[in-house]
Every structure is written in structure tokens, then in C-alpha cells.
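Here is how the chains run, residue by residue.
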Amino acid sequence: MKHIFNLIILLAGIGFFHACEDNDKIVLQQPQSFVLNVPKYASGIYDLKNTETIEFTTSQPDYGFTAATLYAVQISLSQNFAEYATLPGTYSTAKFDISAQDVAVALVALHDVEEESDYPADPHPLYVRLTATIAGSKVEPVYSNVIQLPQVLGYFALEPMTMPEEMYLIGNVAGNWDWNNSTEMIPVGGAPGKFWAMQYLGQTEDGENAEIKFNYAMVWNGNDFGYNEVTIGEDTNVPADASDAEGNIKIGNPGWYIVVVTTAIEGREYAFRVDFLPPHVYLQGNVNGGHWGTTDEIHRFAIPALSLGADAEFISPAFTAAAQGDDDGGVRASIQLPGHEWWQTEFMVFDGLFVPRGAGNDQARVAGKAGQRLSINFTKRTGKIE
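Calculation criteria
- Residues numbered from 1 in each chain as written.
- Predicted model: local features only at pLDDT ≥ 70, side-chain atom pairs only at ≥ 80, totals over all residues.
- Heavy atoms only, no water.
- Pairing = 2+ DSSP bridges.
- Helix = DSSP H or I, 4+ residues; strand = E, 2+ residues; numbered from the N terminus.
- Phe/Tyr/Trp six-rings, centres within 6.5 Å; stacked < 30°, edge-to-face > 60°.
- Buried < 20%, exposed > 50% of the residue type's maximum accessible area, 1.4 Å probe, protein only.
- Lys NZ or Arg CZ within 6 Å of the ring centre and 35° of its normal.

Trainee: Report on the sheet that holds strand β12 (residues 194-201), specifying residues and quantitative values.
Mentor: Pairing is mixed across the open sheet formed by five strands, whose spatial order is β11-β12-β17-β18-β14. Both outer strands of the open sheet, β11 (186-187) and β14 (230-232), are each paired with one neighbouring strand and no more. Across nine bridges, the pairing between strand β17 (residues 255-266) and strand β18 (residues 269-277) is antiparallel. If you follow Val 259 over to β18, its bridge partner there is Phe 276.

The structure is reproduced here in C-alpha cells:
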């Protein structure tokens with residue numbers, strides 16, 4: 001019996017080492033190419049305006065083993081791919097459909113046309129190839145063969161306009177015209193393209209009134225906009241006394257303001273409205289006696305004196321009751337914009353940092369005690385409860 005047991009152990013060991021030896025033989029190969037098949041209906045006319053998708057099939061590159069491969073599609077007007085476009089998205093199967101609209105949008109750029117009248121009216125050849133990569137690896141891409149779709153009829157397709165997801169305010173009192181120090185405006189919940197900021201628009205150290213501009217990127221790229229590119233809200237311009245200063249928006253009445261940028265899409269262009277609202281901040285919930293809303297002045301934060309400068313704090317009324325957190329709503333604060341609920345522009349302090357809710361979900365609750373106050377520095381984006 002002992003000999004049989006030893007023999008079993010020996011055979012198991014031989015099998016183990018044999019398996020290890022087999023694993024060692026799995027070596028990643030770098031294939032030279034792989035096959036993209038010509039679509040079944042390639043000889044017909046692909047009318048991109050009246051087609052939803054185009055189907056492609058391929059074979060996986062020979063990496064020496066079955067790998068999780070991602071395919072991307074590239075198109076060109078020339079067989080040698082001297083210039084080409086990579087279509088959006090990747091595909092993880094050897095059979096997939098691409099969007100005809102994505103092809104049409106890419107063709108506008110490849111034809112280098114800016115006017116619809118210049119776009120080719122007749123079908124033309126289009127060349128297609130795939131790139132393959134192993135998901136999550138640093139292996140070099142592999143290119144398939146190039147196939148031709150002989151008759152592709154495109155159209156003057158443009159990418160759909162979307163609302164900007166970011167907005168920045170810059171000026172002589174907001175970053176000193178340095179985008180790295182500009183004010184990042186806060187998205188309004190439920191209102192794409194709308195942003196707000198509590199902004200100090202007092203005078204500079206040289207006694208100059210505030211001048212500002214905006215952009216939806218932190219750069220001077222020609223998309224920055226000022227007085228000549230915006231509509232100033234007529235009802236809100238009375239306190240700010242906004243005027244044109246060589247394209248900048250000049251503030252005639254220095255002060256703290258809630259600055260609001262509202263974006264609309266008109267054709268292929270953005271249209272912007274800028275409003276200057278009074279700097280009212282409100283304490284909400286059980287800590288102010290269970291009041292929710294922005295109708296009572298007694299629940300407003302104190303507006304700092306303009307002479308204290310941009311780093312001054314807004315300080316809430318003293319809490320009239322304790323707030324434990326999730327059970328009773330916690331400490332909450334907000335501004336409110338016309339036509340919006342207060343919680344769409346609420347914010348709170350976490351670990352000394354001012355954190356706006358923005359377009360996100362409900363925030364975590366923060367506890368407070370009766371007699372404490374909430375202080376916010378909107379310029380430094382800091383705050384405290386004490």
C-alpha cells in the first residue's frame with residue numbers, strides 16, 4: 001500500500017511539472033497583421049445619410065493564444081492612409097456594427113470642407129482598416145489589411161452641439177488674467193449649460209473697477225467671451241452697472257455678486273446670458289428652526305464688508321438647534337437662482353473645504369450644534385463650522 005501511495009504522489013508531481021512546462025511555453029507573439037473581411041454588400045452604394053450602421057467582420061490577430069482584443073476602425077480617402085481618421089469607440093467582438101453618422105462626420109474633416117456647398121456630391125471610394133490591441137496591455141497595436149468600399153456617399157455631417165460642462169471666470173480681480181487662478185464656476189443641478197459663482201467684484205489694489213470675461217476652457221483660445229458676446233440680464237444689471245471695457249465686462253458698482261452664466265445653442269453657436277444677482281446665502285433646515293427655503297432674511301449669511309477684500313468670509317446666523325446628520329437633514333446651505341429650487345445650488349463644508357453639490361447627487365450630511373455658525377470663504381473655497 002505504501003508503494004502505491006508513493007507512486008500516486010510521483011505521478012501527481014510529474015503532472016504538475018508538465019503543466020508548468022506547458023504554461024511556460026505560452027509566449028506572446030507580435031503578429032504582423034490580421035484579416036478584415038470585405039463586407040457582403042461592399043459593391044453597392046453606402047448612402048450614409050440613409051444608413052444607420054455598417055457591419056464588419058474580422059479574425060483575431062494571432063498572439064499565440066486567445067486574447068481579449070479591442071478593435072478600432074480607421075478610414076481614409078487614400079489606400080496608403082496618408083491621412084486618416086479614427087472613428088469613436090472600440091469593439092471587443094470579431095463582428096460589429098459602426099455608426100454611419102460617425103463615418104459621415106469623419107469624412108467632413110477628411111475632405112477638409114467648411115461649407116456644405118463644397119462637399120462632394122457623388123459617391124467615392126473609402127478605405128478602411130482596423131487596429132487591434134490587447135485590453136489592459138502595453139502591446140503595440142496591430143493593423144489589419146486595407147479594404148475598399150468603392151461607392152460611399154457622404155453628406156455635410158457635423159457633430160451635434162452639446163452644452164459646455166465647465167465654465168471659468170477670469171479678470172483683474174479673478175486670477176489677475178491668469179487662467180490657472182481663475183474662478184471655476186459651479187454647474188446648476190438639472191440645468192445643463194448653466195453655472196454660478198459667488199464672486200468678489202470689488203476694485204483692484206490700484207483702485208480700478210473689476211473687469212471680467214469667461215471661457216468654457218482654462219485657456220486663451222478664441223472662445224473666451226465678454227461684453228460683446230453676451231446678453232446682460234436687464235433686471236440684474238442695475239446694481240452691477242455692467243458696461244463694455246474693450247470687450248471685457250466692467251463692473252460700475254463694485255461689490256459681491258452671484259454671477260450666473262446661462263448657455264443656449266443657436267444653430268452651430270453658443271449664446272450666453274450673464275446675470276449679476278445679490279450675494280444672498282441661506283442657512284437651511286433644522287439648524288435654523290426647521291425652515292427650508294430662501295424667503296426670510298433672518299436666515300441669510302452676513303455679507304462681508306467690501307473693504308475686507310476677496311478673502312472675507314460669509315458667516316451664517318447662529319444655529320438655533322442641533323443637527324445630528326442623516327436623521328434630521330444635517331446642516332445645509334445654499335443660494336437660490338430664479339426659476340430653480342434651492343437644493344440645485346446648495347453646498348456644504350467637508351474637512352475645511354467648500355464643496356458645492358453642482359450637478360451631482362445629494363451630499364453627505366454634516367452635524368452641527370446650537371449656537372455654532374457656518375463660515376464660507378468663496379474665493380479660497382474653504383469653510384468651517386464652529
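Trainee: Please give an account of the packing of aromatic side chains that cites residues and values.
Mentor: Counted by the stated rule, this structure contains 21 aromatic pairs. For the pair Tyr 216 and Tyr 270, a centre-to-centre distance of 5.3 Å together with 80° between the ring planes defines the contact as edge-to-face. One end of the pair, Tyr 216, is in the loop between β13 (211-215) and β14; the other, Tyr 270, is in strand β18, with 54 residues separating them in the sequence. Note on Tyr 216: relative accessible area 25%, which makes it partly exposed. A relative accessible area of 23% means that Tyr 270 is categorised as partly exposed. Between Tyr 257 and Phe 276 the ring centres are 6.1 Å apart and the planes differ by 80°, which places this aromatic pair in the edge-to-face class. Taken together, the residues Tyr 257 in strand β17 and Phe 276 in strand β18 connect sequence positions 19 residues apart. For Phe 276, a relative accessible area of 1% corresponds to the buried category. Members of the aromatic cluster, connected to one another through ring pairs, are Trp 196, Tyr 200, Trp 256, Phe 314, Phe 347, Phe 354 and Phe 378. Taking NZ or CZ as reference, Arg 129 lies 5.0 Å from the ring centre of Tyr 84, over its face.

Trainee: So, the sheet that holds β13: which residues are in play, and what are the values?
Mentor: Read from one edge to the other, the open sheet built from five strands follows the order β10-β9-β13-β16-β15, with strand pairing classed as antiparallel. Either end of the sheet is taken by a strand with one partner, and the two such strands are β10 (183-184) and β15 (242-245). Both strand β9 (residues 168-171) and β10 contribute to a ladder of two bridges, which runs antiparallel. Counted as the bridge partner of Leu 169 is Thr 183 from β10.

Trainee: Please provide a residue-by-residue account of the pairing of strand β2 (residues 53-57), values included.
Mentor: Residue alternation in β2 divides its side chains into a buried set, Ile 54 and Phe 56, and an unburied set, Thr 53, Glu 55 and Thr 57. Pairing between β2 and strand β5 (residues 95-99): five bridges, direction antiparallel. Residue pairing in the sheet places Thr 57 in a bridge with Lys 95 of β5.

Trainee: So what about unusual backbone geometry? Which residues, and what values?
Mentor: Backbone geometry at Asp 112 places phi at a positive 55°, although glycine is not the residue there. By the secondary structure assignment, Asp 112 is in the loop between α2 (100-111) and β6 (124-134). Note on Asp 112: relative accessible area 64%, which makes it exposed. Of note in the backbone geometry, Asp 241 takes a positive phi value of approximately 55° without being a glycine. Assignment of secondary structure puts Asp 241 in the loop between α3 (237-240) and β15.

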